[in-house]
Every structure is written in structure tokens, then in C-alpha cells.
Amino acid sequence: ADPLCDCDVVSLMAPEANARAGLFEDVAVAVVQAPHDGGLAVLRRASGSADDDEGGRGGGPGRGSGATGAWQVETPWPPEKPTSGWKRLEKVSRGEFLHSSVSLLALGQISALGSCEVGLYDTAGTVPRQLTAFARHTDLVTDVCAIS
């Protein structure tokens, strides 16, 4: 927890698609909760090379460009400058990347108005963008199946 913002990391997630392919993760998302606010912070690996990896897990072919780099906060939470699509959340819970996706994730959340939702986010950009929110998880599953 950061003493300046009194925040806790509720969940840390990375795309499962990379692990199944034997690749190192290049992105991770932290679900962050403060006393009356919550959101997402995005971390990415800094570029690294097989030569500077002392642990013997060099990048090598098919290992991902940032396999040996340190994790860097790409998008902090709370955002330094909220964008026009930014939505304040009262509470956040566990999130998961969608199967076979390296950028789309679902997040349990309570909106500032108090409604329980499942949010669908895209982390491919510089700021995690909420694409939509659903009142029930079955609505999310139906929507994802329709576009898959």
C-alpha cells in the first residue's frame, strides 16, 4: 500500500495467452482500491535483451521483447489527468483477462452510483479504457460470445 494515497492492490493479473504459449508477460494490470475509489493501473516490461539477464532466462527466440526487462508503471492509478471516458468507481474486485486476449479484461466493480457491474476494459492503449459495463455476468458472456 502507498502511504500517500492509502491504496491497496486487490488483484494482479496478466494475460493467460502468453503463459500458454510459453512467452513471458509483457503487460500486467493491478486492481487498486482506496477507501472510496478504485481503478486499474497498467504495468509493462521495459525492453531487455538476453545478454543482460543474469538468471539464464534470456529473451531468446519467441520469448517476447521485454522478457528480461523490469516492470514499469505505464498508467498509474489514480490517473494523473482523467480522460473524457474515465469513470469513477466506488469499489473494485478481482479481474481476469479474457481467454486468448492480451488486452481485454473483465472486472467486478461497483459504480459511483452504487450499481454492481462487470466492466469490460481494453488495456492496449496508454490508458485502460472501459468499453462497456454489464449488470450481470451472463450479459457479458453473451456479448463476448456474439463478437467471438
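It should be emphasised that the depicted structure is a prediction, and the values quoted were computed from it without experimental measurement.

Novice: Which parts of the structure should I look at to understand the overall build of the protein?
Specialist: The helix and strand inventory of the protein stands at two helices and eight strands. Helices and strands appear in the protein in the N-to-C order β-α-β-β-β-β-β-β-β-α. Buried positions account for 35% of the 148 residues belonging to the protein. Put simply, of all contacts in the protein between residues at least 6 apart along the chain, 44% involve residues at least 24 apart.

Novice: I would appreciate a short explanation of the pattern of salt bridges in the present structure.
Specialist: For the structure shown, the criterion picks out six salt bridges. Between Glu-90 and Arg-88 there is a salt bridge, with the nearest N and O atoms lying 3.3 Å from each other. For Arg-88, a relative accessible area of 35% puts it in the partly exposed group. A salt bridge links Asp-139 to Arg-136; its shortest N-O distance comes to 3.2 Å. Linked by salt bridges that have partners in common, Asp-37, Arg-88 and Glu-90 make up one network.

Novice: How do you make sense of the nonpolar core when you look at a structure like this?
Specialist: Grouped burial of nonpolar side chains is what soluble globular proteins tend to show. Ranked by size, the top nonpolar core spans twelve residues in total: Met-13, Val-27, Val-29, Val-31, Leu-40, Val-42, Leu-89, Val-92, Phe-97, Leu-105, Leu-107 and Tyr-121. At the level of secondary structure, the elements contributing two or more residues to this core comprise strand 2 (27–34), strand 3 (37–45), strand 5 (89–97) and strand 6 (104–111). Excluding its chain neighbours within four sequence positions, the residues that come into contact with Val-27 are Ala-14, Pro-15, Val-42, Leu-43, Arg-44, Trp-71 and Val-102. Ranked by size, the runner-up nonpolar core spans seven residues in total, among them Cys-7, Val-32, Leu-43 and Trp-77.

Novice: Which parts of the structure should I look at to understand the pairing of strand 5?
Specialist: Side-chain direction in a regular strand flips from residue to residue, so the side chains alternate between the two faces of the sheet. Sheet analysis places strand 5 next to strand 6, joined by six bridges and oriented antiparallel. Residue pairing for strand 6: Phe-97 is matched across the bridge by Leu-105. Hairpin connection, strand 5 to strand 6: the antiparallel pair is bridged by six residues, and Ser-100 has positive phi, about 60°.

Novice: Explain the environment of Gly-119 to me, please; I cannot follow it from the model alone.
Specialist: You can see Gly-119 is positioned in strand 7 (residues 116–122). Residues Gly-119 and Ala-133 lie 14 residues apart in sequence; the distance between their C-alpha atoms is 4.2 Å. Not counting residues up to four positions away in its chain, the partners in contact with Gly-119 are Leu-105, Ala-106, Leu-107, Gln-109, Thr-132 and Ala-133.

Novice: What is the right way to look at the environment of Ala-41 in this model?
Specialist: The topology assignment puts Ala-41 in strand 3. Separated by 34 residues in sequence, Ala-41 and Thr-75 place their C-alpha atoms 5.4 Å apart. What Ala-41 contacts, discounting residues up to four positions off in sequence, is Ala-28, Val-29, Ala-30, Val-32, Thr-75, Pro-76 and Trp-77.

Novice: Just checking my understanding: could you explain the confidence of the model for the protein for this structure?
Specialist: Detailed conclusions should not be drawn from predicted coordinates in areas where pLDDT is low. Overall, the prediction assigns the protein a mean pLDDT of 77, with 78% of residues at 70 or greater. Taking the mean pLDDT of every element in the protein, the minimum, 76, falls on helix 2 (residues 137–147) and the maximum, 92, on strand 6.

Rules used throughout
- Residues numbered from 1 in each chain as written.
- Predicted model: local features only at pLDDT ≥ 70, side-chain atom pairs only at ≥ 80, totals over all residues.
- Heavy atoms only, no water.
- Helix = DSSP H or I, 4+ residues; strand = E, 2+ residues; numbered from the N terminus.
- Buried < 20%, exposed > 50% of the residue type's maximum accessible area, 1.4 Å probe, protein only.
- Contact = heavy atoms within 4.5 Å.
- Salt bridge = Lys/Arg side-chain N within 4 Å of Asp/Glu carboxyl O.
- Core = buried A, V, L, I, M, F, W, Y, C linked by side-chain atoms within 4.5 Å.
- Pairing = 2+ DSSP bridges.
- pLDDT = per-residue confidence, 0-100.

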